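Below are the chains, spelled out letter by letter.
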Amino acid sequence: MKYKIITLTAVAILLAGIAGSVFVLTSKGGSTVVITQNDAVIREINLDLAPDETFDVEYGGSKNTIEIKNGKIRVKSAQCPDKTCVHMGWLSSAAMPIVCLPNHLVIKFADTADGIDALSE
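What counts as what
- Residues numbered from 1 in each chain as written.
- Predicted model: local features only at pLDDT ≥ 70, side-chain atom pairs only at ≥ 80, totals over all residues.
- Heavy atoms only, no water.
- Phe/Tyr/Trp six-rings, centres within 6.5 Å; stacked < 30°, edge-to-face > 60°.
- Lys NZ or Arg CZ within 6 Å of the ring centre and 35° of its normal.
- Patch = residues over 30% accessible without salt bridge, like charges linked within 9 Å, V, L, I, M, F, W, Y side chains within 5 Å.
- Areas by Shrake-Rupley, 256 points an atom, 1.4 Å probe, with all protein chains shown as cover.
- Salt bridge = Lys/Arg side-chain N within 4 Å of Asp/Glu carboxyl O.
- Helix = DSSP H or I, 4+ residues; strand = E, 2+ residues; numbered from the N terminus.
- Buried < 20%, exposed > 50% of the residue type's maximum accessible area, 1.4 Å probe, protein only.
- Core = buried A, V, L, I, M, F, W, Y, C linked by side-chain atoms within 4.5 Å.
- Contact = heavy atoms within 4.5 Å.
- Pairing = 2+ DSSP bridges.
- Axes fitted to C-alpha atoms, helices over the stretch in contact; angles between N-to-C directions.

Caption draft 1: Expanded view of the packing of aromatic side chains. The tally for this structure, following the rule as stated, stands at zero aromatic pairs. When the ring centre of Phe55 is taken as origin, the NZ or CZ atom of Arg43, which lies over that ring, is 4.1 Å away. Lys72 extends its terminal NZ or CZ atom over the ring of Trp90, reaching a point 5.0 Å from the ring centre.

This is the structure we're talking about:
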């Protein structure tokens, strides 16, 4: 009897953890995206209102080509060795920003307007 309670509790905790992880990784952060380089904001874009466009962001003689299309954003091409930022694809989750370490570039959903992540009592 005790073994069943422990097993059911462990399974419930595991399922809650999996459900929470899926929720966090798939939740979109909103429609405003911030592009930063060396912690300085380069552009702030509302994807709901932005026209389809492609533009370059340069750093130290290297560049990233950023594409906005159909309300989504990605790094289309990059002049960095590993091209991890290109392989990340379209930005889809607030939990997973697009990052290019060699070019010091970060593309992420903007923080919420109130700036509060959690409340406790």
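What follows picks up the thread again.
Caption draft 2: Highlighting a nonpolar patch on the surface. Taken together, the side chains of Val11, Leu14, Leu15, Ile18 and Val22 make up a nonpolar region of the molecular surface, amounting to roughly 450 Å² of accessible area. Inspection of the secondary structure assignment puts Leu15 in helix 1 (residues 2-26). Judged by its relative accessible area of 52%, Leu15 falls in the exposed class.

Caption draft 3: Here's a closer look at the nonpolar core. If you look at the biggest cluster of nonpolar residues, it comprises 20 residues, and the most contacted ones within it are Ile35, Ile45, Ile66, Ile73 and Ile107. Among the secondary structure elements, those contributing two or more residues to this core are strand 1 (32-37), strand 3 (53-59), strand 4 (62-69), strand 5 (72-78), strand 6 (98-100) and strand 7 (105-109). With sequence-adjacent residues up to four places away left out, Ile35 is seen in contact with Ala40, Val41, Ile42, Arg43, Ile45, Phe55, Ile66, Ile73, Leu105, Val106 and Ile107.

Caption draft 4: Focus on the sheet that holds strand 2 (residues 40-46). Strand order in the open sheet made by the four strands is 2-1-7-6, with antiparallel pairing throughout. Lying at the two open borders of the sheet, with one neighbouring strand each, are strand 2 and strand 6. Recorded for the sheet is a direction-independent mean angle of 15° between the axes of neighbouring strands. In this structure, strand 6 lies alongside strand 7, joined through three bridges in antiparallel fashion. Counterpart to Cys100 in the pairing with strand 7 is Leu105.

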